[in-house]
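Overview (structure and organization)
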Amino acid sequence: MRLLVCGGAGFIGSTFVRLRLREYGDDVTVLDKLTYAGRRENLHDVIDNIRFVHGAIEDPAAVGAAVIECDAIVNFAAETHVDRSISGPEAFIITNMQGTHVLLEAARERGLRYVQVSTDEVYGSIDSGSFTEFSPLQPSSPYSATKCGADLLVSSYYHTYGLSTTICRGSNNYGPYQYPEKLIPLMILNALAGDHLPVYGDGRNVRNWLYVEDFGHGISYALAHGAPGETYNCGGPDECENIDVVRQILSLTGREDSLIEYVKDRPGHDRRYSLASDKLRALGWTPRVDFHEGIARTVDWYRSNAWWWEPIRTGEYLEYYERHYGRALKP
Ligand SMILES: NC(=O)c1ccc[n+]([C@@H]2O[C@H](COP(=O)([O-])OP(=O)(O)OC[C@H]3O[C@@H](n4cnc5c(N)ncnc54)[C@H](O)[C@@H]3O)[C@@H](O)[C@H]2O)c1
């Protein structure tokens, strides 16, 4: 298949590119703006086997140049960090909503298959049970609200123009190449450095963890077998409180629990996410990596790949960290 992967230099997009080259032999073009979270280093081992276009999804000229000779668009490109959406929502509106609109127009003009990569956060928080694809959309943050808006726009292009769209909503991903502002890499790198581990609120927020390659497989099932106009949840096999995630990381890195430091909670912090993925499982998908195995693999990867994360823990990231947590990061 000839795929345009938007946001393919990010965490999940780069994993997807690697997986599609390895397991499907696809012809891949990546379109990426290379924001702070997108890095050529994420594609270091496959860069010679793809076409890379540096540009923004909200720029019709860049999209037009990238989409040439593609059969399908898979859109990962997004501003993705909830904390940054609280302090500066504008970029989220431009990329997540306006950018999605430009991609949908490009797909409509050329009659391309379109897959939107989305998130469980569009459903908001759930105390018990799990969200299905029919659950109401109740986003809590500017991040999830803009992802939700994009999903609705995608659905409208199916209903109005007959575009062959599919939405795939993943639960919290973790694994190699994730930017260190997110919970798991933040805790791993701080633990490796012997720094404090800042845990929001009481640490009892529950997330439904999904190993990143399993999400890549889930999106592939939705692309290949998903019915046009449908949405598929892709939830991980395990749920875990943040504090238990942190304790497992401390144990895997040989550090003491005394490094844990509870900090002021994030405004509007969703308590629990949980996805029912029966619809995607009915297409043949199943997650292969449980949290116990996935977190051990992830800690090993960060321990062995300082070349990847050392350059990040300078400049923009240090400034962001200090502004956000009110203290400097230990080098
Ligand atoms: N990380 C998760 O746990 C998770 C879970 C479910 C769904 N998702 C969704 O998966 C997608 C990828 O998430 P991620 O964690 O890999 O994010 P990420 O922040 O690591 O990567 C985002 C990528 O998009 C690129 N990008 C940002 N703005 C762009 C623009 N305007 N034009 C072109 N490229 C742009 C960035 O440069 C980067 O390469 C997002 O749509 C996100 O909403 C993420």
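Let me begin by describing the structure that accompanies this report. Keep in mind that what you see is a predicted model, and the values were worked out from it rather than measured.

Here the focus is the site of the ligand. Near the ligand you find 30 residues, and of these Asp 32, Glu 58, Thr 80, Tyr 143 and Lys 147 are the closest. Residue Phe 11 places a main-chain N or O atom 3.1 Å away from an oxygen atom belonging to the ligand. In this structure, Tyr 143 approaches the ligand through a side-chain N or O atom, which is 2.6 Å from an oxygen atom. Contact with the protein chains hides 96% of the accessible area of the ligand, taken as 830 Å² for the molecule alone. Looking at the shell around the ligand, the elements with two or more residues in it are helix H1 (11-24), strand S5 (113-119) and helix H5 (142-161). At three residues, S5 tops the list of elements feeding residues into the shell around the ligand. Classifying every residue of the shell around the ligand by side-chain character gives 13 nonpolar, 13 polar and four charged.

Here we come to the environment of Phe 134. Structurally, Phe 134 is set in the loop between S5 and H5. Residue class for Phe 134 comes out exposed when judged on its relative accessible area of 77%. It is 17 Å that separates the C-alpha atoms of Phe 134 and Gln 116, two residues lying 18 residues apart in sequence.

Once that is clear, we can look at the pattern of salt bridges. Under the counting rule described, the total for this entry stands at 20 salt bridges. Residues Asp 151 and Arg 169 are paired through a salt bridge, measuring 2.9 Å at the closest nitrogen-oxygen approach. Taken together, the residues span a long stretch of sequence, with Asp 151 in helix H5 and Arg 169 in strand S6 (residues 165-170) at a distance of 18 residues. With relative accessibility at 1%, the residue Asp 151 sits in the buried group. For Glu 261, the salt bridge identified is with Arg 327, shortest N-O distance 2.6 Å. With Glu 261 in strand S12 (residues 260-263) and Arg 327 in the segment after helix H12 (315-325), this pair connects stretches of sequence that are 66 residues apart. On the basis of relative accessibility, which here comes to 30%, the residue Glu 261 falls in the partly exposed class. The class of Arg 327 is partly exposed, set by a relative accessible area of 32%. One continuous salt-bridge network, built from bridges that share partners, spans Arg 22, Glu 23 and Glu 213.

Attention now goes to the sheet that holds strand S9 (residues 206-211). Across the sheet, which stays open at both edges, the three strands sit in the order S7-S9-S11 with mixed pairing between neighbours. The two strands at the open ends of the sheet, each matched to only one other strand, are strand S7 (173-174) and strand S11 (238-241).

Bringing the nonpolar core into the picture now. With 67 residues, the main nonpolar core has Val 17, Ile 184 and Ile 219 as its most contacted residues. The element best represented in this core is helix H6 (residues 183-193), accounting for six residues. Sequence-distant contacts of Ile 219, defined by excluding residues within four places in its chain, comprise Phe 16, Val 74, Phe 76, Val 115, Val 117 and Cys 168. Among the nonpolar cores identified, the runner-up in size contains 23 residues, and Cys 6, Leu 103, Tyr 157 and Ile 167 belong to it.

The next point concerns the sheet that holds strand S2 (residues 27-32). If you walk across this open sheet you meet the seven strands as S3-S2-S1-S4-S5-S6-S10, and the pairing is parallel. Pairing within the sheet leaves two strands with one partner each, and these edge strands are strand S3 (51-54) and strand S10 (230-234). For this sheet, the mean inter-axis angle between neighbouring strands, taken without regard to orientation, is 20°. Inspection of the sheet shows strand S4 (residues 72-75) paired to S5 by four bridges, in the parallel sense. Within S5, the residue paired with Ala 72 across the bridge is Arg 113. Its contacts with the sheet put H5 on S5 and S6, and the angle it makes with S5 is roughly 155°.

We now examine the packing of helix H2 (residues 60-67) against helix H4 (residues 90-110). When two helices pack together, their arrangement is given by the angle between the helix axes and the distance between those axes. Where H2 meets H4, the axes come as close as 10 Å, and the angle between the chain directions of the two elements is 45°. In terms of axis orientation, H2 runs oblique to H4. Every pair of crossing elements has a handedness; the one defined by H2 and H4 is right-handed. Residues Pro 60, Val 63, Gly 64 and Val 67 of H2 form the contact with H4, whose own contacting residues are Val 102, Leu 103, Ala 106 and Arg 110.

The rules behind these values
Residues numbered from 1 in each chain as written. Predicted model: local features only at pLDDT ≥ 70, side-chain atom pairs only at ≥ 80, totals over all residues. Heavy atoms only, no water. Near = heavy atom within 4 Å. Polar contact = N/O pair within 3.5 Å; in protein donor to acceptor, adjacent residues only side chain to side chain. Areas by Shrake-Rupley, 256 points an atom, 1.4 Å probe, with all protein chains shown as cover. Helix = DSSP H or I, 4+ residues; strand = E, 2+ residues; numbered from the N terminus. Nonpolar A, V, L, I, M, F, W, Y, C, P; charged D, E, K, R; others polar. Buried < 20%, exposed > 50% of the residue type's maximum accessible area, 1.4 Å probe, protein only. Salt bridge = Lys/Arg side-chain N within 4 Å of Asp/Glu carboxyl O. Pairing = 2+ DSSP bridges. Core = buried A, V, L, I, M, F, W, Y, C linked by side-chain atoms within 4.5 Å. Contact = heavy atoms within 4.5 Å. Axes fitted to C-alpha atoms, helices over the stretch in contact; angles between N-to-C directions. Parallel < 35°, antiparallel > 145°, perpendicular 65-115°, else oblique. Left-handed = near helix turned anticlockwise from the far one by under 90°.

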